[in-house]
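# Report on the structure
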Number of protein chains: 2
Amino acid sequence: LHKSPDHRNLVLPKPLLAALRGELTPRVPIWLMRQAGRYLPEYREIRARTPRFFERCYTPELVVEITLQPVRRFGMDGAILFSDILVVVDALGGEVEILEGRGPVVEPLADARALERLSAERLRPHLEPVYEAVRLLARALPERITLIGFAGAPWTLAAYMVEGETSRDFHRARRLARAEPDLFARLIGLLIDATSDHLMAQIEAGAEAVQIFDSWAGLLPETEFERWCVRPVLAVAERVKARHPAVPVIVFPRGVGAGYRRFRDEPAVDGLSLDATVPLLWAREELAGVCLQGNLDPIALLAGGAVVERETDRILDALAGRPFVFNLGHGVLPETDPAEVQALVERVQRLRPPIDPARHRPAGEAPDDRP
Amino acid sequence: LHKSPDHRNLVLPKPLLAALRGELTPRVPIWLMRQAGRYLPEYREIRARTPRFFERCYTPELVVEITLQPVRRFGMDGAILFSDILVVVDALGGEVEILEGRGPVVEPLADARALERLSAERLRPHLEPVYEAVRLLARALPERITLIGFAGAPWTLAAYMVEGETSRDFHRARRLARAEPDLFARLIGLLIDATSDHLMAQIEAGAEAVQIFDSWAGLLPETEFERWCVRPVLAVAERVKARHPAVPVIVFPRGVGAGYRRFRDEPAVDGLSLDATVPLLWAREELAGVCLQGNLDPIALLAGGAVVERETDRILDALAGRPFVFNLGHGVLPETDPAEVQALVERVQRLRPPIDPARHRPAGEAPDDRP
């Protein structure tokens, strides 16, 4: 049905895949978190016609179209599936709705009985339209462009499930984790199963790399960070790598500061996505064993013009000579001007970092095949 | 009128002051951010009688009483003035109100004209009741207990002033800083003046140590962190130290992760307050030049019992043999049980860390003078 990622890679090198595999690419590949979505007028048109968020997520043709929109316009090196981390919660049987302007609303999970009602068995049938979209995308994308699947990390999903909505500090979720660690561990265990399975299903449908989003990892104090972020994320990454060793796994433990070091020497982690607060010279020194990705401030992209140019060049300079994927430190903001996104992609794809051949094996460069 | 901090220190050593001066104290001193406030029934009684927050802040007798309440109950080693970082904004002429359950509401500052209307000249007369409270407290406190003054850092105050209210990401403030850096720099400059002046006035009234709260520093990406957090905070600390070299300055750049390293070698910074996410073995290694303070998770204190005991012992073990001040990683939460606070203070004051005399000069121990 579809060519395997490895096979496709033999045909034509993909800069994003090469960087994630630790190769120094002739130019830095770029994709942007939330590159498909609200800042694009063509997305807002689809949204006006299909206002239910999950309906957009579960209609393969819409997923394909929304995923391709930014790639068609800007020619990023990666196409991230249009979806949401909460489709997994929805598939498990958690009552969840995503409301425009308010974010996710979940029926809060407060006790063991609520946990019993969730089941990982529904996951693959419920999310079949998502996997169908991945299959369609794997066929539709130009060779140069890497198809990226993703999932929310167990802690971040659990945080929404317990809190019931987005929150500045997720006190309710953090309190349950402290007060009933056994119950919380069971929830996390279920989410490790579901998240791994969801990522593997995406890979089996044609995703060539996957990213695990632990958006709320930065709220966890040191020991809780180890228990609820690091170990579950590594458990997921290890399961995926055991089944699909050639598919790069990117981890995004947003806001964990010095905690990023915890992921630098893990064989199951190929890429580490940095939020905008991470000092890059520190990262260069301390996170040497892994391909870094990041970390332009989305507010800089919003400001645009000279601000984003200066920041882009600073980031490229700081990571020059290292396998590196350019990205934002967080998602594209809805008010962002698409022209700024275009200028950013062009700038990154034009600039070639100096190469230190003693340190890294350069990958072959792909010819320009922007769709 | 009142004895100078140095003079008082000759009479009887204060564990908190000694640790902040880099001495290894026979036991670890403790105080807690927001130790005076909403979790105490005697505070809630005062609040019921005086519902306007700023009225409580500007009535010296109430400030004294509220500041003393936790010290009287629990005998911490530090008494932090009951006040709010936004009194400075109020004194500058920013329209600000603090609403129960909602937090601060400020008339958003959007342009240069709004900035012109603010004036640092009003600061000392407007805040005279605060300084009067400090003078009364300096006389009222037992000798062992250190009186701590504080102020919000320029970035955190500016964030509230531009945003108009508390926020998860302070996009409006961060966007103004990117889009109109000259205007933002003028606001920050005014706040450097006001914050330094406010801290010096507290010291001149009897505060023996001061803390600068940069609660929203963790939102700033790398270069903005340097410009809007590090440099303004150091400017404030340096002005204070130039006038009052013997008074320790504690900096709390909450959530800055690896950015904490930026403050480790600064002569004007005596203490560095760690939020709960900072890994302590990393901090021990990377932040060696400064007295550390922190970093118990307020949610652990809320959970109480064995959770808080285990976390407390872990923190004390990790920082043993170093000048160290026990504190929370953020403020006491309103739902916290006062009995848990009592147990925590007793546990920390009872436990003596092993001493490594080769590394540090131990300070004399104060006799027990709990009020």
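Described below are features of the structure shown in this document. (Residues numbered from 1 in each chain as written. Chains lettered and ligands numbered in written order. Predicted model: local features only at pLDDT ≥ 70, side-chain atom pairs only at ≥ 80, totals over all residues. Heavy atoms only, no water.)

Enumeration over the complete set of coordinates arrives at four cavities of 30 Å³ or more. When its volume is computed, the second largest cavity comes out at roughly 40 Å³. Residues of the lining of the second largest cavity, tallied by class, amount to four nonpolar, three polar and no charged. (1 Å grid on protein atoms, 1.4 Å probe; cavity = no way out; pocket = protein on both sides within 12 Å on 5 of 7 lines; lining within 4 Å. Points joined across faces, edges and corners; volume = space filled by probe spheres on them. Nonpolar A, V, L, I, M, F, W, Y, C, P; charged D, E, K, R; others polar.)

With that settled, consider the sheet that holds strand S4 (residues 146–152) of chain B. Residue and element names in this part refer to chain B. The seven strands are arranged S1-S4-S5-S6-S7-S8-S9 in an open sheet whose pairing can be described as parallel. Edge positions in the open sheet fall to strand S1 (78–80) and strand S9 (324–328), since each of these has one partner strand only. Pairs of neighbouring strands in the sheet enclose a mean axial angle of 25°, with direction left out of account. One ladder, built from five bridges, connects strand S8 (residues 291–296) with S9; its direction is parallel. Paired with Gln-293 across the strands is Val-325, a residue of S9. (Pairing = 2+ DSSP bridges. Helix = DSSP H or I, 4+ residues; strand = E, 2+ residues; numbered from the N terminus. Axes fitted to C-alpha atoms, helices over the stretch in contact; angles between N-to-C directions.)

Turning our attention to the pairing of strand S6 (residues 249–253) of chain B. All names here are of chain B. Most of S6 sits out of view: five of its five residues are buried. The side-chain alternation of S6 yields two buried faces, one formed by Val-249, Val-251 and Pro-253 and the other by Ile-250 and Phe-252. On the question of chirality, the crossover connecting strand S5 (residues 209–214) to the parallel S6 by way of helix H13 (residues 222–243) is right-handed. The pairing of S6 with strand S7 (residues 271–273) spans two bridges and is parallel. Residue pairing for S7: Val-251 is matched across the bridge by Leu-272. (Buried < 20%, exposed > 50% of the residue type's maximum accessible area, 1.4 Å probe, protein only. Right-handed = clockwise from strand over helix to strand, strands pointing away.)

Residues and elements named next belong to chain A. Examined against the element boundaries, Leu-319 turns out to sit in the loop between helix H16 (305–318) and strand S9 (324–328). By relative accessible area, Leu-319 is classed as buried at 2%. Sequence separation between Leu-319 and Gly-294 is 25 residues, and the spatial gap between their C-alpha atoms is 10.0 Å. Residues contacting Leu-319, with those up to four places away along its chain left out, are Leu-280, Arg-284, Leu-292 and Phe-324. (Contact = heavy atoms within 4.5 Å.)

A cis amide bond links Gly294(A) to the next residue, Asn295(A), at an omega of -25°. Summarising the element assignment, Asn295(A) is placed in strand S8 (residues 291–296). Positive phi, normally seen in glycine, also occurs at Phe170(A), with a value near 50°. Relative to the elements of secondary structure, Phe170(A) occurs in the loop between helix H10 (154–163) and helix H11 (171–179). In this structure, Arg34(B) takes a positive phi of about 60° despite not being glycine. Structurally, Arg34(B) is set in the loop between helix H2 (15–20) and helix H3 (41–49).

Once chain A is rotated about the relating axis by 180° and shifted along it by 0.0 Å, it coincides with chain B to within an RMSD of 0.0 Å. This pairing of chains is accounted for by a two-fold axis. Among all residues of chain A, the one whose C-alpha sits closest to the rotation axis is Gly257(A), at a distance of 1.8 Å. The fraction of interface residues of chain A whose copies in chain B are also interface residues reaches 100%, indicating that both copies meet through the same surface. (Least-squares fit on C-alpha atoms with pLDDT ≥ 70 in both.)

Turning our eyes to something else, we now look at the pattern of salt bridges. Applying the stated criterion across every chain, the model contains 54 salt bridges over all chains. Ionic pairing is found between Glu224(A) and Arg178(A), a salt bridge with its closest N-O pair at 3.4 Å. You can see Glu224(A) sitting in helix H13 (residues 222–243) and its partner Arg178(A) sitting in helix H11, a full 46 residues away along the chain. By the burial criterion, Glu224(A) is buried, and Arg178(A) matches it. Ionic pairing is found between Arg239(A) and Asp193(A), a salt bridge with its closest N-O pair at 2.8 Å. With Arg239(A) in helix H13 and Asp193(A) in helix H12 (residues 181–205), this pair connects stretches of sequence that are 46 residues apart. For Arg239(A), a relative accessible area of 38% corresponds to the partly exposed category. If you follow the salt bridges from partner to partner, you end up with Arg174(A), Arg178(A), Glu222(A), Glu224(A), Asp297(B), Glu311(B) and Arg314(B) in one network. (Salt bridge = Lys/Arg side-chain N within 4 Å of Asp/Glu carboxyl O.)

The subject of this paragraph is the interface of chain A and chain B. Each partner contributes residues to the interface: chain A has 35 residues there, and chain B has 35 residues. Taken over both partners, the interface formed by chain A and chain B buries close to 3,100 Å², and the fraction arising from carbon and sulfur atoms is 56%. Contact with chain B buries surface across chain A, with Arg168(A), Arg178(A) and Glu222(A) losing the most and accounting together for 23% of the total. Where chain A meets chain B, there are eight salt bridges. Note that Arg314(A) and Glu222(B) form a salt bridge whose closest N and O atoms lie 3.0 Å from each other. Inspection of the region where chain A meets chain B yields 14 residue pairs in polar contact (both at pLDDT 80 or more). Listed by contribution, the elements that provide at least two residues to the side of chain A that touches chain B are H11, H13, helix H14 (280–286), helix H15 (298–303) and H16 of chain A. Split by residue class, the side of chain A that touches chain B holds 16 nonpolar, eight polar and eleven charged. (Buried area = accessible area lost by both parts, 1.4 Å probe. Polar contact = N/O pair within 3.5 Å; in protein donor to acceptor, adjacent residues only side chain to side chain.)

Another aspect to go through is the sheet that holds strand S7 (residues 271–273) of chain A. Across a sheet, paired strands are connected by hydrogen bonds in the backbone, their directions being either parallel or antiparallel. Residues and elements named next belong to chain A. One open sheet accounts for seven strands, arranged S1-S4-S5-S6-S7-S8-S9; its pairing is parallel. Looking at the sheet topology across the chains shown, the edges are occupied by strand S1 (78–80) and S9. On average, adjacent strands in this sheet sit at an angle of 25° to one another, irrespective of strand direction. Each of strand S5 (209–214) and strand S6 (249–253) is contacted by H13, which is oriented at about 165° to S5, the strand it contacts most.

Next up on the list: the pairing of S9(B). For S9(B), a buried count of five out of five residues is recorded, marking the element as mostly surrounded by other parts of the structure. Side-chain alternation along S9(B) places Phe324(B), Phe326(B) and Leu328(B) on one buried face and Val325(B) and Asn327(B) on a second face that is also buried.

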